[in-house]
Structure formats: structure tokens, C-alpha cells
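The residues making up each chain are set out below.
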Amino acid sequence: MIIDQQQEQLSSFEIEKHEDKSLEDQYKSWREFRIQNKKTKLFLTGFLTFFIIGGLIIALSVHGTNDQENAHTANKRGQKYVYIQQRLKIFSFSVLGKRATVSDDTILTDIDQISEYWGNLRPYADNDPSYFGVTDVGLPYGCQVEQVHVLHRHGARFPSGVDTTNVQSFATKVANVLNAGGKFTGPLDFLNTWSMQMGGELLVPNGAAMEYKSGVDFWNKYGRTLYDTPPSQAYYNGTGKPKLFFRSTDFARTIDSLMGWATGFIGPHNTTDYYSILPIPVVGSYNNTLAGFSTCGPFIAPALGLESLSQDLQSALTRISAYAPASTGLTKTDMQIMQLICAYEYTIFSSSDFCKLFTSGEWKDFNNKGNQAFYEACSFGSPRSRAQGLGYTEELIARLTGNYINVSYSAVNATLDSSEQTFPLNRPFYTDMAHEFSILGVLTALSIDYFRVYTGNGFPQSLDQNFHLSQMTPLAARLITEKIGCVSANPIATSEIRTQYRPTQYGYSAATATNKFIRMRLNSGILPLNTIRGGYCSVGRTDGLCPLNNFVASQKDAQKLANYQYVCFQNYTVNEDNFNNDGAVFP
């Protein structure tokens, strides 16, 4: 079924709607609450850094055995010295990031290093399976992945929303200078011939390539074993199988991303005879679990704050303005926009002259601004994030347990989710194409407290916290839920990652694998489900597996914690009494 036919099918259903009430005042009160209560922790962080490093340096200086010291004592002291050195390296890693040897004042030119600070604009990169702290990342003997659920973000795109406005504003400023006869010099010389070449919101070739690669990877990692593919079969073969069923928000960039993904999965013989796409409208008040941010009140996108966090952009402004005519009137806001242009141009054109202008410290500051903006708009720091992720969470539980949803108290459209045609059950895998906001809302609604970085006011300035957009929602990000069958009720965890050629290769048998588990991955990194609130998945496992029944039980309070109807449709003022940075607000 082609997309146009799917659109007609969708319109034939009675689409449930929620009353669209203006809640701008709520958001204003929330932002005022944020601004008034932000308390900088720079002094405390600096003091603790000085104290700890100073103490370690003193410890390192305590050495020098005397002439009578025996070899055994000297060896023990040497071991302590090495240990202290190791702890110092670990401390430096956690505070300064992966490249602790680079000074904050160093102009960065390595694009791989720079792109680590781009947050949701970072080109996709797999996380190491143990990135989120799970130590045993292999699949236990006697276990196999039986079903996979993919919540996918679209690939690289042109700027959208406020970013489009900001980039165009900067381009106009540059054009005005050049039209008046002004000239840029030094590292800004490229602006003399530069013009804005980016359109608005559409998927770009690099984005399509990301999605194609993702589809290929999914086929290689999951498709072969899910369908027990014979050795001679290179790609998915849909002959004799039900059509693959995909869903997407109805934006062009998500539909195009999904088609790119399908091409990677199915191969060069890709045809819509093998799959159908259900595009669900975002604009309007339609219930849409892939865009809960649009269903729950008026959507306000995250935006980089103008206030400085760990480092003021004044130094960048002073340095860069020296190469621009005074009439340009560059501001600190322009510095942020130039960083944005660097990220967008590189992901679109694979190159950007804007990327050679900023220091390590300025990129770290850009990164932290993005982390805070999204945390406070789409994660535990937002009063609506649980509500925005609740619908997909309920659909995930329904698919895992093989149940339709007949009544909705969230963004779920019960008309669609009670039909085999638009909510098929018991499929080997599902792929839903959505947005970074969607993934962040689901992680919050699931109560994975690993990502809840603070419970008071103020966002942590150190990189030593767990909410990092670059690893969570880069372009083409994917949240994958694996339903795993095991022969044993307590399979032995393993750190060994084995190539799966056949589903029965390592002791698995579908007939005897009656013990079901859930494992979740975020960009290949295995999520610590033992941090889901309530302790249901804290069963002593070191491999991220949670028994299916326990996982389902862990979400029994998800609706109550989201407080959907009140959060999305009532008038309220956000304050310290009703909001504690847990993704919802209560009267």
C-alpha cells in the first residue's frame, strides 16, 4: 500500500481529538520559575575541583623511600602511586570529557572532536554497548532476540523552527555588510563569498544515508535471525510474508527517512509491495504517540538560552569581532548562531568554514546549553515530558503483551490502536519514525532515573552527569526494545558479544525458551533498566535484562506519574510546590 493510499485510509478513521486549549501562560510561568530559581554551582564546582585535584597532587608528592626501606615496602608505595595516577585520570575524564588534554582555550579543528558537542545535531554514531554502565553486554547462552521495537529519529535535515529564523537573520546581517562595501578578514574571510545555502526542514542526502545505513545494520543484526534467513539470502525477502508495517509522523523528513531505512533493510529490490507506511498527522489536535509534544498542549521547542552557563561567549565575541567590520554589530547570540551553522552545514555539506572558529571551552558551553535546553523542555526537567512520552510507552507495553488499546487516556489513538489493520500485533519487529523529542519523552515516561540528573534547581555544569544529547538523540537516533526468549529463567550473563548466524546457534530453542526478558538499547548502548523507578527491574542482573512481567509491572504507575489530563489541558502555574523536576506537575 503506497503512502497516498495510507493517507486516505487514515482519513477514513474517526481520529480522536483533544480540546486544544492555549497554555502559553503556563509555559511563561514555567520559564519564569526556571529563571528565578536557577542557582549557579560554579563556585562549589570550582572549589571541589581545586580541593580534590590539590589533594591528589599532595598525595602524589608523598614519595621518596629512605635508604633502609626494603623492596617490599617500595613496591607497595609504587602501587599506591600508580593507583593515585589512575584515579587522577579517571577524575580528569569525568570532569573534562574524553579529551582532557585539550585546553579550553584551544581552537578546535578536529571535526570528530567538535561534533561530540553538537547534541541533537551530531551525526549518528553508535555508543559502545557498555556506554550507559551495563557491564555484561553479550546475549546469554540459550537466549535469542524474538521481537524488536524501534523508535527512530529522522536523519540530518535542513534547519527547522527557530533555528531557521536565527540562521537567516545572521545571513542577512552578513549580506548587509557586504552590500555596504564592508569586508571580512582573517578567519572570517570566507564570509565575503558565503551565502545561506540551506532550505527548511527537509531531509538531506547525508540524512538519507544515515537512515539507509541504519536499515542495513538492522537487517544484519536482527533481520537474519528474526526470519531465520538461509545462507544464500542477502536481503529481506517478503515473498509469502505479511507486509511490513511502519509508522511515521506525517512530516516529509520522517517519511523520507523511513523510506530510506526500508531501502537499507529490504535492499535494491525495495518496493512498497513489501511494506506499508501509516503517516500520522502532527499538525492539529490528532492523537499521535509519535509526536506527543504536539498532542499535549501548544508545543514550544527547546532553544539555546542566551545566559551563559559555564563560560561566557564574550571572549569569542571579542576574538571574532576583530575580523569583522564594526558595522556588522556581532553579538554573543551571533556566536551561538555561528556554532549552529557549523553543525548544520557539516551535517548537510560534510564541511563548514564556521567550524574552525571556536575553542574547546566554547564548544563545551554550547554542548551544555543544548543539554539543559532539552532537559528542561523534553525530559525530567519539563512539566509535560512524561505526558508526551506516555502514549508510545503504553503502545510498547501493548505490543509486547499482544493486546490492543481500546480506550485512551493519553496521546494514544484508540481508534487506530484497536485495529489489526493499523496496529498489528505479534510482528517480528516494528519501526516507528519520529523525533528526538519523542525519544526523550519515552525515556522519561519509563522512569529510567539514570537520566534524571538533578532534583533541585539549576542544571549541573560538569560533564560528569548522564544526560548527554550527543549520545542520546543524535541525528538518526534509535531507541530499540528487544524482547528476548531464554531457555533458563536465570540465564548466565556474559560480556562476550557473539556473532549470531542462526537463531539456534547458542542453545536457543523457540519451543523451550519460555522465559521472556526485555533489554533496551539507545544507539547500541544497553540501558540500565535496573534504574527504572520502583525496583521491578532490579533483579541482580548485570546485563540489562529485565523479566518481561517485571518490566510490564514497572510501568503500572506511568499514567499516574504523567498526570496526563491535568498537565495537558488544565490551567496551572508551575512553582516549587507542584513541580520537582520529575517530568510532570500536580495541583
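Residues numbered from 1 in each chain as written. Predicted model: local features only at pLDDT ≥ 70, side-chain atom pairs only at ≥ 80, totals over all residues. Heavy atoms only, no water.

1. Topic: the overall build of the protein
Here is step 1 of the chain: A count of helical and extended segments in the protein gives 19 helices and eight strands.
Here is step 2 of the chain: Split into buried and exposed, the 587 residues of the protein put 53% on the buried side.
Here is step 3 of the chain: Considering only residue pairs separated by 6 or more positions, the protein has 81% of its internal contacts joining residues 24 or more positions apart.
Here is step 4 of the chain: In the form shown here, the protein has an accessible surface area of approximately 25100 Å², with 53% of it arising from carbon and sulfur atoms. (Helix = DSSP H or I, 4+ residues; strand = E, 2+ residues; numbered from the N terminus. Buried < 20%, exposed > 50% of the residue type's maximum accessible area, 1.4 Å probe, protein only. Contact = heavy atoms within 4.5 Å. Areas by Shrake-Rupley, 256 points an atom, 1.4 Å probe, with all protein chains shown as cover.)

2. Describing the side chain of Asn-127
Here is step 1 of the chain: In this fold, Asn-127 is placed in the loop between α5 (111–115) and β1 (143–153).
Here is step 2 of the chain: For Asn-127, a relative accessible area of 7% gives the class buried.
Here is step 3 of the chain: A distance of 3.1 Å separates the side chain of Asn-127 from the backbone oxygen of Leu-522, its partner in a polar contact.
Here is step 4 of the chain: Excluding residues within four positions of it along the chain, Asn-127 makes contact with Phe-132, Gln-471, Leu-522, Asn-523, Ser-524 and Gly-525. (Polar contact = N/O pair within 3.5 Å; in protein donor to acceptor, adjacent residues only side chain to side chain.)

3. A look at the packing of aromatic side chains
Here a ring pair, both rings aromatic, is described through the centre-centre distance and the interplanar angle of the planes.
Here is step 1 of the chain: For the structure on display, the rule yields 32 aromatic pairs.
Here is step 2 of the chain: Between Phe-132 and Tyr-450, the ring centres sit 5.9 Å apart and the planes meet at 85 degrees, which makes this aromatic pair edge-to-face. With Phe-132 in the loop between α5 and β1 and Tyr-450 in the loop between α15 (436–445) and α16 (469–472), the pair connects residues that are 318 residues apart, well separated along the chain.
Here is step 3 of the chain: Judged by its relative accessible area of 2%, Phe-132 falls in the buried class.
Here is step 4 of the chain: For the ring pair Phe-218 and Trp-261, a centre distance of 5.3 Å and an interplane angle of 55 degrees mean the geometry is tilted. With Phe-218 in helix α7 (residues 205–226) and Trp-261 in helix α8 (residues 252–266), this residue pair connects regions lying 43 residues apart in the sequence.
Here is step 5 of the chain: The class of Phe-218 is buried, set by a relative accessible area of 4%.
Here is step 6 of the chain: Here Trp-261 falls in the buried class, since its relative accessible area comes to 1%.
Here is step 7 of the chain: The structure contains a cluster of three or more aromatic residues connected by ring pairs, namely Phe-218, Trp-219, Tyr-222, Tyr-227, Tyr-236, Phe-246, Trp-261, Phe-265, Tyr-274, Tyr-275 and Phe-429. (Phe/Tyr/Trp six-rings, centres within 6.5 Å; stacked < 30°, edge-to-face > 60°.)

4. Some details on the state of the cysteines
Here is step 1 of the chain: Overall, the coordinates contain four disulfides when judged by the stated rule.
Here is step 2 of the chain: Note that Cys-296 is cross-linked by a disulfide to Cys-568, the S-S spacing being 1.9 Å. Residues Cys-296 and Cys-568 are joined by a disulfide whose S-S torsion is about -100 degrees; by sign, that bridge is left-handed. With Cys-296 in the loop between α9 (292–295) and α10 (314–321) and Cys-568 in helix α19 (residues 564–569), this pair connects stretches of sequence that are 272 residues apart. Here Cys-296 and Cys-568 have matching classes, each one buried.
Here is step 3 of the chain: What pairs with Cys-342 in a disulfide is Cys-355, and their sulfur atoms sit 2.0 Å apart. Disulfide Cys-342-Cys-355: the torsion about the S-S bond is 100 degrees, which places it as right-handed. With a gap of 13 residues between them, Cys-342 in helix α11 (residues 332–349) and Cys-355 in the loop between α11 and α12 (360–378) connect regions that are remote in the sequence. Take Cys-342 and Cys-355: they sit in the same class, and that class is buried. (Disulfide = S-S within 2.5 Å.)

5. Digging into the pattern of salt bridges
Here is step 1 of the chain: The full count for this structure, using the stated rule, is 20 salt bridges.
Here is step 2 of the chain: A salt bridge links Arg-247 to Asp-432; its shortest N-O distance comes to 3.0 Å. Of this pair, Arg-247 sits in strand β2 (residues 244–249) while Asp-432 sits in strand β4 (residues 429–434), and the two are 185 residues apart along the sequence. Like Asp-432, Arg-247 is buried.
Here is step 3 of the chain: One network of salt bridges, with partners in common, ties together Arg-386, Asp-449, Arg-452, Arg-533 and Asp-582. (Salt bridge = Lys/Arg side-chain N within 4 Å of Asp/Glu carboxyl O.)

6. Re the pairing of strand β3 (residues 275–280)
Here is step 1 of the chain: Burial analysis of β3 places six of its six residues in the buried class, which makes it a mostly covered element.
Here is step 2 of the chain: For the handedness criterion, the β-α-β arrangement of β2, α8 and β3 is classed as right-handed. (Right-handed = clockwise from strand over helix to strand, strands pointing away.)

7. Section: α8
Here is step 1 of the chain: Under the 1.5 Å per step criterion, the end-to-end length of α8 is 21 Å for 15 residues, consistent within 8% with the ideal 21 Å.
Here is step 2 of the chain: Summarising burial for α8: eleven of the 15 residues are buried, a large majority.
Here is step 3 of the chain: For α8, the set of buried residues is Arg-253, Thr-254, Ile-255, Ser-257, Leu-258, Gly-260, Trp-261, Ala-262, Gly-264, Phe-265 and Ile-266.
Here is step 4 of the chain: Looking one or two places after α8, you find Gly-267, whose phi comes out positive at around 100 degrees. (Expected span 1.5 Å × (residues − 1).)

8. Let's talk about unusual backbone geometry
Here is step 1 of the chain: One non-glycine residue, Ala-476, lies in the positive phi region at around 65 degrees.
Here is step 2 of the chain: Its place among the elements puts Ala-476 in the loop between α16 and β5 (478–486).
Here is step 3 of the chain: Take Ala-476: its relative accessible area is 0%, and that puts it in the buried class.
Here is step 4 of the chain: For Asn-523, which is not glycine, the phi dihedral falls at a positive 55 degrees.

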